[in-house]
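# Descriptive structure summary
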Amino acid sequence: GAGVSQSPSNKVTEKGKDVELRCDPISGHTALYWYRQSLGQGLEFLIYFQGNSAPDKSGLPSDRFSAERTGGSVSTLTIQRTQQEDSAVYLCASRDYDEQFFGPGTRLTVL
Amino acid sequence: GENVEQHPSTLSVQEGDSAVIKCTYSDSASNYFPWYKQELGKRPQLIIDIRSNVGEKKDQRIAVTLNKTAKHFSLHITETQPEDSAVYFCAANGRNTDKLIFGTGTRLQVFP
C-alpha cells in the first residue's frame, strides 16, 4: 500500500518568506509526527498529533513554526518569516501501533 | 527533561565483524525502545524494537538488549555486511506518551 508522502520534495525560499510543507500519512494512522533533521544531525521532534487530542507542540523551536492536521489526515507545517537556520530536511511520520513510518522528507533551503 | 544519549557517533568495522551501539535514557517510565536505520539520502526505517517487559530480542543478524535498572539498551549487529553501512538511531518513548526521543545517531561504516 501507499506509504507516507510529503510535498514538495525540495523547497528553496528566500529569507523572510513563509513556507508550507505537506504530509499525507498512511490511511488509518491516527498519530502523526513532524521532525527536523539538519545536515548530518539527528531527528529533532517538532510536533505530534494523536486523533482528536490537542497536539503536543513542545518541540516547536519558535512561534514562527505552526502545524495543523485537517480531518485527522493531511498535515501542514508552516514556517513564517523563514531564517537561514531553518534550512533542514523536515520529516513527517505516521504511526500504527508502535512503528512510526517516515515520509521521504522535504529539503528546505533558505537563502 | 527527557534525554537519550547514543554512543559512539561513528563506528568503522571490517566486514564480518560485529558492531555494537549503545544508548542510555533518562526517564524510568519509558517502555518502548525502537532502532531506526537511515541510509544516505533516504528515510529512517525501523529495524528492530523492544518493550520493557523483555530483556532481549533477536532478528537474524540483529539483536537488541535492554537493561531497565541501568536504563540502557544496545543494538548488536553480527556478521556485518557493506549494506549495513548507514546511520542508526535509537529512541525511547517519553513519559506517558507515544512521542519518541531520538539519540543523536551512529554512523556505521562496514569495509569490505
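Here we summarise the structure given alongside this text. (Residues numbered from 1 in each chain as written. Chains lettered and ligands numbered in written order. Predicted model: local features only at pLDDT ≥ 70, side-chain atom pairs only at ≥ 80, totals over all residues. Heavy atoms only, no water.)

## Focus on the overall build of chain A
Note the threshold: Numbering of helices and strands starts at the N terminus; helices are DSSP runs of H or I of at least 4 residues and strands are runs of E of at least 2. Buried, partly exposed and exposed residues are distinguished by accessible area as a fraction of the type maximum, computed with a 1.4 Å probe on protein chains only: under 20%, between the cut-offs, and over 50%, respectively. The criterion used for residue contact is that any of the two residues' heavy atoms lie within 4.5 Å.
When helices and strands are counted, chain A shows 0 helices and 10 strands. Listed by position from the N terminus, the elements making up chain A come as β-β-β-β-β-β-β-β-β-β. Once the C-alpha set of chain A is aligned to its principal axes, its extents read approximately 40 × 25 × 25 Å. Per-residue burial over chain A gives 47% buried out of 111 residues. Excluding contacts between residues fewer than 6 apart, the proportion of contacts in chain A whose partners are at least 24 apart in sequence is 54%.

## Some remarks on the overall build of chain B
For clarity, the cut-off: Within these notes, the globule rule equals 2.2 Å times the number of residues to the 0.38 power, and the radius of gyration is based on C-alpha atoms. Residue exposure ignores everything except the shown protein chains as possible cover, and the areas themselves are Shrake-Rupley values with a 1.4 Å probe. The charge count includes Lys and Arg as positive and Asp and Glu as negative, but it does not include His or the ends of the chains. Charged groups are reduced to one reference atom each: NZ for lysine, CZ for arginine, CG for aspartic acid, CD for glutamic acid.
When helices and strands are counted, chain B shows 0 helices and 11 strands. Relative to the compact-globule value of 13 Å for 112 residues, chain B shows a C-alpha radius of gyration of 13 Å, a close match. In terms of its C-alpha atoms, chain B occupies a principal-axis envelope of roughly 45 × 30 × 20 Å. Looking at the 112 residues of chain B, the share that counts as buried comes to 46%. Pairs at least 24 apart in sequence give 54% of the contacts found in chain B among residues at least 6 apart. Here chain B displays about 5,800 Å² of accessible surface, and carbon together with sulfur accounts for 45% of that area. Across chain B, the centroid of the 13 positively charged side chains sits 5 Å from that of the 13 negatively charged ones.

## Observations concerning the packing of aromatic side chains
Residue and element names in this part refer to chain B. Put simply, the rule reads: Only centres within 6.5 Å qualify two rings of Phe, Tyr or Trp (six-membered ring in Trp) as a pair; their planes then separate them into stacked at under 30 degrees, edge-to-face at over 60, and tilted for everything else.
Scanning all chains against the criterion turns up 12 aromatic pairs over all chains. The interplanar angle of 45° and the centroid separation of 4.7 Å between the aromatic rings of Y25 and F33 together place this pair among those described as tilted. Here Y25 matches F33 in class, with each residue buried. Relative to F73, the ring of F33 has its centre 4.9 Å away and its plane inclined at 50°; by these criteria the two rings are tilted. Placement of the pair is F33 in strand β4 (residues 32–38) and F73 in strand β8 (residues 72–77), with a sequence separation of 40 residues. Classification of F33 by relative accessible area gives buried; the value is 0%.

## Concerning the interface of chain A and chain B
This is how the line gets drawn: Buried surface area refers to the total accessible area, computed with a probe of radius 1.4 Å, that the two partners give up upon joining, counted for both partners together. Salt bridge criterion: a side-chain nitrogen from Lys or Arg within 4 Å of a carboxyl oxygen from Asp or Glu. The definition of a polar contact used here is a pair of N or O atoms within 3.5 Å, where within protein one atom must be able to donate a hydrogen and the other to accept one, and adjacent residues in sequence count solely through side-chain atom pairs.
Each partner contributes to the interface: chain A provides 19 residues, whereas chain B provides 15 residues. Summed over both partners, the interface of chain A with chain B buries about 1,500 Å², with 52% contributed by carbon and sulfur atoms. Three residues stand out in chain A for area buried against chain B, namely A:L43, A:D98 and A:F102, and they jointly supply 36% of the buried area on that side. One can count 3 salt bridges joining chain A with chain B. Across the pair A:D98 and B:R51 runs a salt bridge whose closest N-O atoms are separated by 2.5 Å. Our enumeration of links across chain A and chain B arrives at 8 residue pairs in polar contact (both at pLDDT 80 or more). Those elements that place two or more of their residues in the side of chain A that touches chain B are β4 (31–37), β5 (44–50), β8 (88–96) and β9 (99–102) of chain A.

## Considering the pairing of β8(B)
Residue and element names in this part refer to chain B. Which entries qualify depends on this criterion: DSSP calls a pair of strands paired once it identifies at least 2 bridges connecting them.
Across 6 bridges, strand β3 (residues 19–25) lies against β8 in antiparallel orientation. In the sheet register, I21 faces β8, and the bridge partner there is L75. When strand β7 (residues 62–67) meets β8, the two strands line up antiparallel, connected through 6 bridges. Looking at the pairing, T65 lines up with S74 of β8. Counting the residues between successive antiparallel strands, the hairpin from β7 to β8 contains 4 residues, one of them, K71, with a positive phi of roughly 55°.

## Digging into the nonpolar core
Using the following cut-off: Here, nonpolar core refers to any group of buried Ala, Val, Leu, Ile, Met, Phe, Trp, Tyr and Cys residues whose side-chain atoms link them within 4.5 Å.
Judged by nonpolar contacts, the single largest core of 24 residues is most densely connected at B:W35, B:F73, B:L75 and B:L108. Elements with a minimum of two residues in this core: β2 (10–14), β3, β4, β5 (45–51), β7, β8, β9 (86–93) and β11 (106–111) of chain B. Apart from residues no more than four positions distant in its own chain, B:L75 is found in contact with B:A19, B:V20, B:I21, B:W35, B:I47, B:I48, B:I62, B:A63 and B:Y88. Counting 20 residues, the second largest nonpolar core, distinct from the first, contains A:L46, A:L60, A:F65 and A:A67.

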